[in-house]
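Coordinate analysis (summary)
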Amino acid sequence: MTSKEILKVRGLKTHFKSGKKVVKAVDGVDFEVKEGETLGIVGESGCGKSMTSLSIMRLVDEQGEISGDGVYFKDQNLLDKSEEEMRSIRGNQISMIFQEPMTSLNPVFTVGEQISESLRIHQGLNKSEAWKRSVEMLELVGIPSPEKRAKQEPHELSGGMRQRVMIAMALACNPSLLIADEPTTALDVTIQAQILDLLKKLQSEFNSAVIMITHDLGVVAETCDNVVVMYSGKVVEHTHVDQLFDNPLHPYTQGLLKAMPRIDEDVDELYAIEGTVPNPDNLPKGCRFAPRCPIAKDICHEKLPELTPLESGSKVRCFAYTDEWNKEESQNGDINKEAAPSQGN
Amino acid sequence: MFIFIVRRVLQTIPVLIGVSLVVFLIMQMVPGDPAVLLAGESATEEQVNQLRSQLGLDQPLYIQYFDYIKNVIQGDLGTSIRSNRPVLDEILVRLPVTIELAFWSIVVTVVLGLLAGVISATKQRSLTDVSIMVAALIGVSLPNFWLGLMLILYFSVQFQIFPVSGWGTFAHIVLPALTLGTSGAAIVARMTRSSMLEVIRQDYIRTAKAKGVKQRYIVYKHALKNALVPVITVVGLQFGALLGGTVLTESVFAINGLGRMIVDAIRMRDLPLVQGSILVVSALFVLVNLIVDISYKFVDKKVDLN
Amino acid sequence: MVTSTKKQPLLKVTNLKQYFPIKGGIFSRTVNHVKAVDDVSFTVYEGETLSIVGESGCGKSTTGRSILRLENPTSGEVRFNNINLLDLTKREMRAARKDIQVIFQDPFASLNPRQTVGRIIEEAMEILTDMPREKRLDRVKELLQQVGLRPEYAYRYPHEFSGGQRQRIGIARALATNPKLIICDEAVSALDVSVQAQVLNLLKKLQKQYNLTYLFISHDLGVVRHISDRVMVMYLGKVVEIGEKKDIFDHPQHPYTKALLSAIPEPDRTKRKERVILKGDVPSPINPPTGCRFHTRCPFATEYCKQNEPTIEQVGDKTNRVACFYAEELS
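From a predicted model like this one, the values you see are computed outputs, not experimental measurements.

Regarding the overall build of chain B
When helices and strands are counted, chain B shows 12 helices and zero strands. For chain B, the sequential pattern of α-helices and β-strands runs α-α-α-α-α-α-α-α-α-α-α-α. Oriented by its inertia axes, the alpha-carbon framework of chain B measures out at about 85 × 55 × 30 Å. Of all 306 residues assigned to chain B, the portion counted as buried reaches 42%. Partitioning the intrachain contacts of chain B with sequence separation of at least 6 by distance along the chain shows that 72% fall at a separation of at least 24.

Details of the interface of chain A and chain C
Across the boundary between the two partners, chain A contributes 43 residues, which contact 40 residues of chain C. Regarding the contact of chain A and chain C, the summed buried area is about 3,600 Å², with carbon and sulfur atoms giving 51% of it. By the criterion of area lost to chain C, the three top residues of chain A are Thr-190, Glu-222 and Ile-263 of chain A, representing 19% of everything that side buries. For the pair chain A and chain C, the number of links is three salt bridges. The salt bridge partner of Asp-266 of chain A is Lys-245 of chain C, with a shortest N-O separation of 3.5 Å. Put simply, chain A and chain C have 18 residue pairs in polar contact (both at pLDDT 80 or more) between them. Looking at the side of chain A that touches chain C, the elements that each hand over two or more residues are helix H7 (189-206), helix H8 (217-223), helix H9 (241-246) and helix H10 (251-259) of chain A. Per-element tally for the side of chain A that touches chain C: the top contributor is H7 of chain A, with eight residues.

Section: helix H9 (residues 203-210) of chain B
Of the residues making up H9 of chain B, those classed as buried are Tyr-204, Ile-205, Thr-207, Ala-208 and Ala-210 of chain B. Buried residues in H9 of chain B make contact with strand S7 (94-97) and helix H6 (159-171) of chain A together with helix H8 (170-200) and helix H10 (215-252) of chain B. In the segment just after H9 of chain B, Gly-212 of chain B is the residue with positive phi, at about 90 degrees.

Observations regarding the pairing of strand S7 (residues 181-185) of chain C
Taken residue by residue, a regular strand's side chains alternate between the two faces of the sheet. All names here are of chain C. Extensive coverage of S7 is indicated by the burial of five of its five residues. Of the two faces of S7, both are covered, the one formed by Leu-181, Ile-183 and Asp-185 as well as the one formed by Ile-182 and Cys-184. Sheet analysis places strand S6 (residues 100-103) next to S7, joined by four bridges and oriented parallel. Bridged to Gln-101 within S7 is Ile-182. As defined by bridge partners, S7 adjoins strand S8 (residues 213-218) across five bridges and the pair is classed as parallel. When the sheet's bridge partners are listed, Ile-183 is paired in S8 with Leu-215.

Some remarks on a nonpolar patch on the surface
Taken together, the side chains of Leu-153, Tyr-154, Phe-155, Val-157, Phe-159, Ile-161 and Val-164 of chain B make up a nonpolar region of the molecular surface, amounting to roughly 650 Å² of accessible area. With respect to the element layout, Val-164 of chain B can be found in the loop between helix H7 (144-158) and H8.

As for the UniProt feature "transmembrane region" (unreviewed entry) in chain B
Under the UniProt annotation, the feature "transmembrane region" (unreviewed entry) is placed at residues 12-30, 101-122, 134-157, 169-189, 227-253 and 273-292 of chain B. Across residues 134-157 of chain B, helical content stands at 92% and strand content at 0%; the span's end C-alpha atoms are separated by 28 Å.

Considering the packing of H9 of chain B against H10 of chain B
Residue and element names in this part refer to chain B. Between H9 and H10, the shortest axis-to-axis distance is 11 Å and the interhelical angle comes to 160 degrees. Of the possible angle classes, the one that applies to H9 and H10 is roughly antiparallel. Along this stretch, H9 crosses H10, giving a crossing that reads as right-handed. Along the contact surface, H9 presents Tyr-204, Ile-205, Ala-208 and Lys-209, while H10 presents Ile-218, His-222, Ala-223 and Asn-226. Broken down by class, the residue content of the contact of H9 with H10 amounts to five nonpolar, two polar and one charged.

Details of the pairing of strand S1 (residues 5-18) of chain A
Residues and elements named next belong to chain A. Looking at chain direction, S1 and strand S2 (residues 21-34) are connected through 11 bridges and run antiparallel. By the bridge assignment, Val-9 is partnered in S2 with Phe-31. Between S1 and S2, which follow one another and run antiparallel, lie two residues, and Gly-19 among them has a positive phi close to 65 degrees. Where S1 lies against strand S5 (residues 70-73), four bridges are found, and the strand directions are antiparallel. Residue pairing for S5: Lys-8 is matched across the bridge by Tyr-72.

A word on helix H4 (residues 61-73) of chain B
Residues and elements named next belong to chain B. Helix length check: H4 (13 residues) gives 18 Å between terminal C-alpha atoms against 18 Å at 1.5 Å per residue, within 8%. Every buried residue belonging to H4 is among Gln-64, Tyr-65 and Tyr-68, and all of these are buried. All buried residues of H4 fall inside an arc of 100 degrees around its axis, so they share one side. In H4, the exposed residues that point more than 90 degrees away from the buried face are Tyr-62, Phe-66 and Ile-73. Following H4 by one or two positions, Gly-75 adopts a phi angle in the positive range, close to 85 degrees.

Section: the pattern of salt bridges
Tallied over the entire structure, the rule returns 43 salt bridges over all chains. For Lys-17 of chain A, the salt bridge identified is with Glu-65 of chain A, shortest N-O distance 3.6 Å. Remark: Glu-65 of chain A occurs in strand S4 (residues 64-67) and Lys-17 of chain A occurs in strand S1; sequence separation between them is 48 residues. The salt bridge involving Glu-83 of chain A is made with Arg-90 of chain A; its shortest N-O contact spans 3.2 Å. Its relative accessible area of 3% is what places Arg-90 of chain A among the buried residues. Through salt bridges with shared partners, a single network forms among Asp-266 of chain A together with Arg-225, Lys-245, Lys-246 and Asp-250 of chain C.

Notes on the packing of helix H3 (residues 111-123) of chain A against helix H4 (residues 127-140) of chain A
All names here are of chain A. Relative to each other, H3 and H4 sit at 115 degrees, their axes nearing to 8 Å. As for the relative orientation of H3 and H4, their crossing is right-handed in sense. Seen from H3, the contacting residues are Val-111, Gly-112, Glu-113, Ile-115, Ser-116, Leu-119 and Arg-120; seen from H4, they are Lys-127, Ala-130, Trp-131, Arg-133, Ser-134 and Leu-138. Split into classes, the residues belonging to the contact of H3 with H4 amount to six nonpolar, three polar and four charged.

So, the sheet that holds strand S11 (residues 313-314) of chain C
Residue and element names in this part refer to chain C. An order of S6-S7-S8-S3-S9-S10-S12-S11 is seen for the eight strands of this open sheet, with the pairing classed as mixed. In this open sheet, the two strands that pair with only one neighbour each are S6 and S11. Taken strand by strand, helix H9 (residues 255-263) contacts strand S9 (230-235) and strand S10 (238-244), and its axis lies near 100 degrees from that of S9.

Looking at the nonpolar core
Within the largest apolar cluster, 145 residues are counted, with the highest numbers of intra-cluster contacts made by Leu-7, Phe-31, Ile-56 and Ile-211 of chain A. With residues near it in sequence (within four places) discarded, Ile-211 of chain A still touches Leu-7, Phe-31, Val-33, Leu-39, Ile-41, Ile-56, Leu-177, Leu-178, Ile-179 and Ala-180 of chain A.

Digging into the UniProt feature "domain: ABC transporter" (unreviewed entry) in chain A
Mapped onto this structure's residue numbering, the UniProt feature "domain: ABC transporter" (unreviewed entry) falls at residues 7-257 of chain A. This span, residues 7-257 of chain A, is 39% helix and 27% strand, and a straight line between its end C-alpha atoms measures 28 Å.

Thoughts on the domain arrangement of chain B
Interfaces are frequently sized by the accessible area removed from exposure as the parts join. All names here are of chain B. Here chain B is partitioned into domain 1 (16-73) and domain 2 (91-299). Taking only C-alpha atoms, the centre of domain 1 and the centre of domain 2 are 37 Å apart. On the side of domain 2, nine residues touch domain 1, which itself brings 12 residues to the contact. Between domain 1 and domain 2 the total buried area reaches about 960 Å² when both faces are included, carbon and sulfur atoms providing 79% of it. Broken down residue by residue, the surface that domain 1 buries against domain 2 is led by Leu-16, Val-23 and Met-27, which jointly contribute 44%. Summed over the shared surface of domain 1 and domain 2, the result is zero salt bridges. Between domain 1 and domain 2 we count zero residue pairs in polar contact (both at pLDDT 80 or more) in total. Residue assignment for the side of domain 1 that touches domain 2 shows that the elements contributing at least two residues are helix H1 (2-29) and H4. Among the elements that make up the side of domain 1 that touches domain 2, the one with the highest residue count is H1 (six residues).

Quick word on the UniProt feature "domain: ABC transmembrane type-1" (unreviewed entry) in chain B
UniProt feature "domain: ABC transmembrane type-1" (unreviewed entry): in the numbering of this structure it lies at residues 95-296 of chain B. In residues 95-296 of chain B, helix accounts for 85% and strand for 0%; the two terminal C-alpha atoms are 27 Å from one another.

What counts and how
Residues numbered from 1 in each chain as written. Chains lettered and ligands numbered in written order. Predicted model: local features only at pLDDT ≥ 70, side-chain atom pairs only at ≥ 80, totals over all residues. Heavy atoms only, no water. Helix = DSSP H or I, 4+ residues; strand = E, 2+ residues; numbered from the N terminus. Buried < 20%, exposed > 50% of the residue type's maximum accessible area, 1.4 Å probe, protein only. Contact = heavy atoms within 4.5 Å. Buried area = accessible area lost by both parts, 1.4 Å probe. Salt bridge = Lys/Arg side-chain N within 4 Å of Asp/Glu carboxyl O. Polar contact = N/O pair within 3.5 Å; in protein donor to acceptor, adjacent residues only side chain to side chain. Pairing = 2+ DSSP bridges. Patch = residues over 30% accessible without salt bridge, like charges linked within 9 Å, V, L, I, M, F, W, Y side chains within 5 Å. Areas by Shrake-Rupley, 256 points an atom, 1.4 Å probe, with all protein chains shown as cover. UniProt positions renumbered as here; feature names shortened; annotations may be inferred. Axes fitted to C-alpha atoms, helices over the stretch in contact; angles between N-to-C directions. Parallel < 35°, antiparallel > 145°, perpendicular 65-115°, else oblique. Left-handed = near helix turned anticlockwise from the far one by under 90°. Nonpolar A, V, L, I, M, F, W, Y, C, P; charged D, E, K, R; others polar. Expected span 1.5 Å × (residues − 1). Arc of directions from axis to C-beta. Core = buried A, V, L, I, M, F, W, Y, C linked by side-chain atoms within 4.5 Å. Domains from an automatic or database assignment.

In C-alpha cells:
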C-alpha cells in the first residue's frame, strides 16, 4: 500500500472562454495515482472526466486554458514542460486509449504503420525493427494472424479488433501510465468483456498504472482499485472500490448506485436523482450537487464544501461529514438514514 | 478494385455517346448551309445539291449521325474545310501543345493551392490565413485574359524576364501556366483549407497527438492524406474549366494550341474542325474524370462510388 | 408479475424475414443478401413489455423497423389486432400508425428544430386523429404534464432542452395519438444513469396508466431487467431464447444468453460469478455460419451443431423456449 505515487494532480483547472462566458469544464481537481494501481474516474456526461485526462496530457485545444498547482508525473510538473518535452512523454511514458475505436485510428494508414510510428518516434527503431515489434504487439493483444492484420487498414477490422490495435499502440513503448477514456463504451458487452480481460492481463504484465475513465459502475467494479467520483468539474469522492459499493459517502454517489438498473435484482421503481446537471457556464454558488441533493441544508447552497479526508482513508466533498453539519438546522433528515443505499438483499 | 475500374470505364461509353450527340446536334443548329459554304459563292443550285448528296447531307438526321459515329470510331473526324486536311491530323498537331500547357497549369493549381490551403489551415485565424484567403478570393475573381495581359505587361514588357508570346522553351510556359492555373489554385486553396480544418478535428488526429507525433508530421502525414479526397474532385473539375481557359490564354499568348485553333475554326465556319475538336476536348474531360474517380479509390478505400 | 397466458395477443409476428440486397459485380446485380432478420416469430400480449436484447447486428432494431413498415419485409406476417400489417396499403398503414408509435434513441434527430414542442406534439394528432383543433392545445399541455414537463414548454423549441427532457418530449409525441403499442428502440441508451432512471420510471408509470404495450429494444440488460415482463434474446437475425424475465435472467438456458449475462460487469462483488468470455466477433450476417449460427463462438458446440439448425423449443420446467440442441443437458 505504500507504493510510490506516479501521478499527483493538484488543483487542476481547465476553463473554456467563449465571449463573456467561462465554461469551467474542470474546476480544481485533486487526485493521485500510485504505481501499478488502477484508478477509476466515474461520472456522468459533462462532469469533466474526459477533459481531466486530456488536460493531464495537455491535449486540450487552444480555447481551453489549463491552470492549477500542478500535474506531477514522476515528480515533474507537466504544466511547466515545453511542448517539445510533452511530445516525448506522450505515447511514451503516458499513453491514451480513446472511446471510439471506429474513428480513433487513421483510416488511410495500415494498423502496422500506426503502431510502428510510436516505436520509431520514441524508441528510435528503424522501419523493419518497428514493424517486427508492431506485429509482436498485435499478437500480444490477441489478434489472430498478426502479420496479415498489420498490413490491413482500420476499416477492414471490427470494432473490438480496432480497440485491441489501440491498446497495442498505447502499450508499444511500455508506458508507466495508461489513460483509458471509456475504452469499452462503444463496444458490445461480449466484446467489452474481452477487452477488459485483456487490459487486466496486460496491466499485470506491463505493470503500468491505469486511469480508467468510465460512466459504467460495473466496469469500475471489475477493473479498479480506487475510484474518483466527479460531478460538475469537481471531485466529490475519492475512495477504495470496495468502499464505493459497500459504503458510498457522497449523496451523489449514493444516488448513482441506486439509479442503476441491476441485472440481478428487481425493483418496482428505480431511485432517480431529480433535476439535471448544472450548466457549466452558470454554476450554483454552493455545493454543485445541492440543487439535486435530498439532504441539502442551507449551508450547502451557500458555501462550497472542501474535499475532506476521513479516518477510513476516503475523501468526500460534503458538509454532512464535517462538524458544521450538526450545527445546521436539519431540513431533510440525516444522511445515513435517508440517503444511504438499501442493503436489503 | 479491378471490377470497379472495368465498370467505371464502361460507364464512360454512354457519356461519350451523349457528348457526341449533343455536339452533332449543335452543329446542325448553326445557321448557314455547309453545302453552300463549301461549294462557294459562284456555285449553281445544281452543284450545291450534288455536293449535298455527296456529303450525305440530304439524308435524315439519324442516318447522318450514325455515319458520323461510324467514321469517328474509324478515326475519321472529317476534313477541314479551310485547309482540306483531315481534322484528326489538324488536332494531333495542336493537341500536344495544349496538353503541355494544361499539365503545367494543373501543376500550378495543385502545388500553389495545396500549399496555400495547408498553411492557411494550420494558422487558422492568423494574419497569414486571412491574407491567403483574401488572395484566393482575388485569384478566383480575376478574369484570366486580364491576368495574362498584366503578367505580360510586368514580367515580359517591363522586367523582360519571360518572353511575351510563342511556344518552345520552358520560359514560354511560365506565364501562360500561371495565367491558367491561378484561379484553380485559389479554389483548391479554399477547398484544402476547409477540408484540412475538418480533418484536424477528427479523433485520429487526437490519437496522433497523444502518440507524441510532431506537429509537422500530423499536418503533412496524418491530416493531408485524409484531406485530399475532396480536393481531388475539385482538381478534376478544375481541369474542365482549364480546357475552357486555354481558348483565351492561347489567344493572349499567341500559342498554337487546340484552343486557339477552335477559335479560328469558329471564325472561319470550319464546322468539321470545330465539331472534331470539341469532341476530342470532351473525351479528354471524360478521361480526366475517370482518372480522378480511380485515384479517389486509392486515396480513400472506403469511398463507395457505386 | 402476472403470467401472460391470460392476456390477449396484441402483436403476433410470424416467420418474419428482412433481407437487404447487396449489389456487386460489373452490372450491379444482387449478388447476396444481408440476412438482418431471418425467420423470427414471437407474440406480444396486451399490456406487457416484451424486450428484444442482443448485440449490434443481431437484428433487434430491424425487427422493430420491419413491424412499423419502415423497411419492406421480405416475407412473413405481422398481425396487429389480427390484421396483417404487411398486407396493408400505404394509406391503410398510415391509419394503423395511430395505434403503433415509436420512440427512438436520439430524440433530437427526430424533433424538427424549427417547430415548437407544442406543434411537434400536435402534428401527430392532426395527421392521425380527428381531434378538433381547439382541443388539441389542451391535450398537448396535458401530455406535457403527463411526461413531467411544464405545460408552458409547448411554446419552446427542442434545442432549449436537455437530453432527458427531449426524450420526454418524444414520449409525449408518441402518446399523442393514444396508441396501443409503443416500440422503444434504444429509447434510454443515450441518457446518463440518473436521467435514465427518471425516464424508465416514467415509462413504467405511463404503462400502468394507459395500459400500454411496449416492445422494448435495448442492448442494456440492466434496463431490460427493470422494464420487461418477458425477454427475447436475438443473435445474428435469429431468436435464440425467449421467456419470462425472471427465467431468462435467473435461469438462462442458451449458451449465448448465459455468456451475454455473464459478460456484464457486476458492481456487487459478493455476487461475482464465473465469467464466460466468448472468443472472436459476431460473424457477418451476409454469410452466416451454417447450422446453429452461434456455433463459431459457442464453448459447447459439436460437429452436429455445424450441420443442423436447431428449432426453438420449450426446455426445462420454466417458461424458457430455447434454440439449442444441448439446452437440456447443459442446464
